[in-house]
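Next come the chains, spelled out residue by residue.
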Amino acid sequence: MVEFVDFSLFYEEEHHRLIALEGLTCKVQKGTITAIIGESGAGKTSLAKALMAHLPSNATAQGSLKVDGVSWLDQESAQQRLFRQRHIAYMPQGGSENLNPLLSVGAQLREVMAPRFTCKGLLESVGLKEEVQERTPRELSGGEVSRVLLALALASDAPCVVLDEPTAGLDETSKRSLELLFNSLRAQGKTLVLITHDLELAHRVSDVTWVLYLGQLLEVLPSVELFERALHPYTIALSRVFPRMDRAKDIVKIKGEATFRLVHRHDASHAHTSTPEHVHVEAKGCVYAPRCTQPVRRCFEEKPLLKGTQNGAHACYFEGMRVLIALEAVGFAYPRSDTFVLQNCSLTLKRGEIVALVGDSGSGKSTVAKLMAGMLAPKEGRVVMEEPLRVGMVHQHPMQALNPRFSAYESIAEPLVLGRFPKERLDARVREVALACGLGEDGHVLDLLPHKLSLGTLQRVCMARALANYPDVIIADEPTSALDPSVQARVMKTLLDLQVETGVGVLLITHNLALARKIADIIALLKNGRLVYEGDMPTGVGGL
């Protein structure tokens, strides 16, 4: 139905070129709903404008865009208008500003509708009563305006309809009603292109989702897999930050900020200079690499191509988030004992993921932590770790974990000294992590020995020590059990910030299910040495 082949779109200015779309090669299949998602500035609306051939005068298109096999942008304006009327329709983003305020709804429908339609039939098809045709736009509610805009898009009877943020600003009841209508249109054979910020709408309604970032297509996947089986780090990040009714985890942000892709240039055609053309070309590599939490050198040096997967395609050198540590069918028994405290335990910790391990006392949680930290070796199965790997450990009993002869400052600095951290930066780093863990307000605390500190303060020292050497993994064994709620919140906020900014993987061992649900991506339940549950803990679940 709609096909892009190496399609790019630029907006030209005197000294800059804004890259709106770059190198799109993909298809919208006939009779399907294709959702296009991404942050503001991703190029979603530019794609809609290209589909409708409504490009401003400073726009330059390259490559091929075909609708029903016809090269769309190569036609003359009059041909484009006729072709658009027959083949493609558009529901614009926004509200009543897209309607003529002086004309009734019926008058505006009659201007564009195909002969076989009636105003009554069109309005009823979008869930509005016949009487609405007598009203002007100012007499309509927000939901009614959206339905009128959709009726206008359907009025030409075009087989393809582009919907730009059709549910923005609507209440849940109106959204669900429009979703039913979209499903009905698909059943009638219509092809819908759904541009939206609403990931749940894309997940529920569409067949396929395209993920755009700064003009590039980073992933194409079945919409049913959007929240659970996405492969590109950007898609995974979007799914984590989107608020969902079936998840209890707090909203977190995505590292950094998305910016417009401007290429600055000077050339002889500009009045202010006669120098030869000079273009400040943007950096090579993956466009998402500066915000990604798992890039390698290749990501900054070479742009990954969109490669096919079993059900879609993605532009990344990795198949999803990298695995940091994996227990594979692990069994473990302590020396001089024939009793296995862990049996057939498989658990994976990925980069940028928080896994909460919960269970009764004696269920094997601390043993799992020691296996993942490399402090124990399994009797059965194996432990696979990414190399090299820096692990920070927060033990359950802080008094036993700290050297009684070291001050708090020396305990925090210990992993830095052992790791040969630059001496000129060591003091600043110690005080940075101490402040992050609530130890910086009263500086003299860092000079005290462990026996002079409260249990809560000792635990914060252990947390700061675990964070000091920029770990890839933090294994925290009941890190908040001795903390008051305010300090607990600060420590957990530190972990969440680390997850966003550095992609650290966190194994959190806790008895506190409410805490686990607020910060964890995955909750794993151990019972009598066996892993009996692994996944999201839905809202409304009050116990294990």
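Predicted model only: the values in this text are computed from it and were never measured.

Section: the packing of aromatic side chains
Item 1. Evaluation of the coordinates by the stated rule reveals seven aromatic pairs.
Item 2. Judged by centre distance (6.1 Å) and plane angle (75 degrees), the ring pair of Phe4 and Trp210 falls under edge-to-face. Here Phe4, found in strand 1 (residues 2–12), pairs with Trp210, found in strand 9 (residues 208–213); they are 206 residues apart in sequence, far enough to count as distant. Each member of the pair Phe4 and Trp210 is classed as buried.
Item 3. Arranged with centres 4.7 Å apart and planes meeting at 90 degrees, the rings of Phe332 and Tyr334 form a pair that is edge-to-face.
Item 4. The buried category is assigned to Phe332, whose relative accessible area is 3%.
Item 5. With a relative accessible area of 31%, Tyr334 lands in the partly exposed category.
Item 6. Its guanidinium or amino end placed over the ring of Phe10, Arg17 lies 4.2 Å from that ring's centre, counting from NZ or CZ.
Item 7. Looking at Arg429, its charged tip hangs above the ring of Tyr470, at a distance of 3.8 Å from the centre.

With respect to unusual backbone geometry
Item 1. Along the chain, Glu387 connects to Pro388 via a cis peptide bond; the corresponding omega equals -15 degrees.
Item 2. One can find Pro388 in the loop between strand 18 (380–385) and strand 19 (391–394).
Item 3. Of note in the backbone geometry, Asp6 takes a positive phi value of approximately 45 degrees without being a glycine.
Item 4. Looking at the element boundaries, Asp6 is found in strand 1.

Overview of the pattern of salt bridges
Opposite charge on two side chains permits pairing when their charged atoms draw close.
Item 1. A complete count under the given rule lists 28 salt bridges for this structure.
Item 2. Here Glu39 makes a salt bridge to Arg291, at a shortest N to O gap of 2.8 Å. One end of the pair, Glu39, is in the loop between strand 3 (33–37) and helix 1 (44–52); the other, Arg291, is in the loop between strand 12 (278–280) and helix 9 (297–301), and 252 residues separate them in sequence.
Item 3. Owing to a relative accessible area of 21%, Glu39 belongs among the partly exposed residues under this scheme.
Item 4. With a relative accessible area of 6%, Arg291 lands in the buried category.
Item 5. One salt-bridge network, in which partners are shared between bridges, spans Arg240, Arg247, Lys249 and Asp521.

Looking at the environment of Pro222
Item 1. Structurally, Pro222 can be placed in strand 10 (residues 216–222).
Item 2. Distance from Pro222 to Val384, taken between C-alpha atoms, is 30 Å for residues 162 residues apart in sequence.
Item 3. When neighbours within four sequence positions are excluded, Pro222 is seen to be in contact with Asp207 and Asn311.

Details of the UniProt feature "domain: ABC transporter" (unreviewed entry) in the chain
Item 1. Here the UniProt-annotated "domain: ABC transporter" (unreviewed entry) positions come out as residues 2–239 and 325–544.
Item 2. Each end of residues 2–239 is marked by a C-alpha atom, and these two atoms are 27 Å apart; helix forms 33% of the span and strand 28%.

Some details on the sheet that holds strand 22 (residues 522–527)
The pairing of strands in a sheet happens through backbone hydrogen bonds and is either parallel or antiparallel.
Item 1. Strands sit in the order 19-20-21-17-22-23 across an open sheet of six strands; the sheet is mixed. Of all strands in the sheet, those bounded by a partner on one side alone are strand 19 and strand 23 (530–535). The mean inter-strand angle of the sheet, taken between neighbouring strand axes irrespective of direction, is 15 degrees.
Item 2. As defined by bridge partners, strand 20 (residues 473–477) adjoins strand 21 (residues 505–509) across five bridges and the pair is classed as parallel. Within strand 21, the residue paired with Ile474 across the bridge is Val506.
Item 3. Packing of helix 10 (residues 365–372) onto the sheet brings it into contact with strand 17 (354–359), strand 19, strand 20, strand 21 and strand 22, and relative to strand 21 it is tilted by some 155 degrees.

Some thoughts on the environment of Ser223
Item 1. Within the element layout of this structure, Ser223 appears in the loop between strand 10 and helix 8 (233–241).
Item 2. For the pair Ser223 and Cys286, spaced 63 residues apart in sequence, the C-alpha separation works out to 24 Å.
Item 3. Not counting residues within four places of it along the chain, the set of residues in contact with Ser223 comprises Ala202, His203, Ser206, Asp207, Val208 and Thr209.
Item 4. Polar contacts involving the side chain of Ser223 include one to the side chain of Ser206, which spans 2.5 Å.

Quick look at helix 13 (residues 423–436)
Item 1. For helix 13, spanning 14 residues, the distance from its first C-alpha to its last is 21 Å, which sits close to the expected 20 Å at 1.5 Å a residue.
Item 2. All of the buried residues in helix 13 are Leu426, Arg429, Val430, Val433 and Ala434. Buried residues along helix 13 cover an arc of 130 degrees about the axis, so they all sit on one side. Summarising the geometry of helix 13, the exposed residues directed more than 90 degrees from the buried face are Glu424, Ala428 and Leu435.
Item 3. Considering only its buried residues, helix 13 is in contact with helix 12 (408–418) and helix 14 (455–468).

Some points on the pairing of strand 9
Item 1. For strand 9, the tally of buried residues reaches five of six residues, placing the bulk of the element in the interior.
Item 2. Relative to strand 9, strand 3 is paired through four bridges, and the arrangement is parallel. Within strand 9, the position partnered with Ala35 by the bridge is Thr209.
Item 3. The hairpin formed by strand 9 and strand 10 contains two residues between the paired strands, and Leu214 there has a positive phi angle of roughly 45 degrees.

Thoughts on the packing of helix 14 against helix 15 (residues 485–502)
Item 1. Two elements in contact, helix 14 and helix 15, have axes separated by 12 Å at closest approach and are oriented at 10 degrees. Between helix 14 and helix 15, the crossing angle belongs to the class labelled roughly parallel. Residue-level contacts link Arg460, Met463 and Leu467 of helix 14 to Val487, Val491, Thr494, Leu495 and Leu498 of helix 15.
Item 2. For the contact of helix 14 with helix 15, the per-class residue count stands at six nonpolar, one polar and one charged.

What counts as what
- Residues numbered from 1 in each chain as written.
- Predicted model: local features only at pLDDT ≥ 70, side-chain atom pairs only at ≥ 80, totals over all residues.
- Heavy atoms only, no water.
- Phe/Tyr/Trp six-rings, centres within 6.5 Å; stacked < 30°, edge-to-face > 60°.
- Helix = DSSP H or I, 4+ residues; strand = E, 2+ residues; numbered from the N terminus.
- Buried < 20%, exposed > 50% of the residue type's maximum accessible area, 1.4 Å probe, protein only.
- Lys NZ or Arg CZ within 6 Å of the ring centre and 35° of its normal.
- Salt bridge = Lys/Arg side-chain N within 4 Å of Asp/Glu carboxyl O.
- Contact = heavy atoms within 4.5 Å.
- UniProt positions renumbered as here; feature names shortened; annotations may be inferred.
- Pairing = 2+ DSSP bridges.
- Axes fitted to C-alpha atoms, helices over the stretch in contact; angles between N-to-C directions.
- Polar contact = N/O pair within 3.5 Å; in protein donor to acceptor, adjacent residues only side chain to side chain.
- Expected span 1.5 Å × (residues − 1).
- Arc of directions from axis to C-beta.
- Parallel < 35°, antiparallel > 145°, perpendicular 65-115°, else oblique.
- Nonpolar A, V, L, I, M, F, W, Y, C, P; charged D, E, K, R; others polar.

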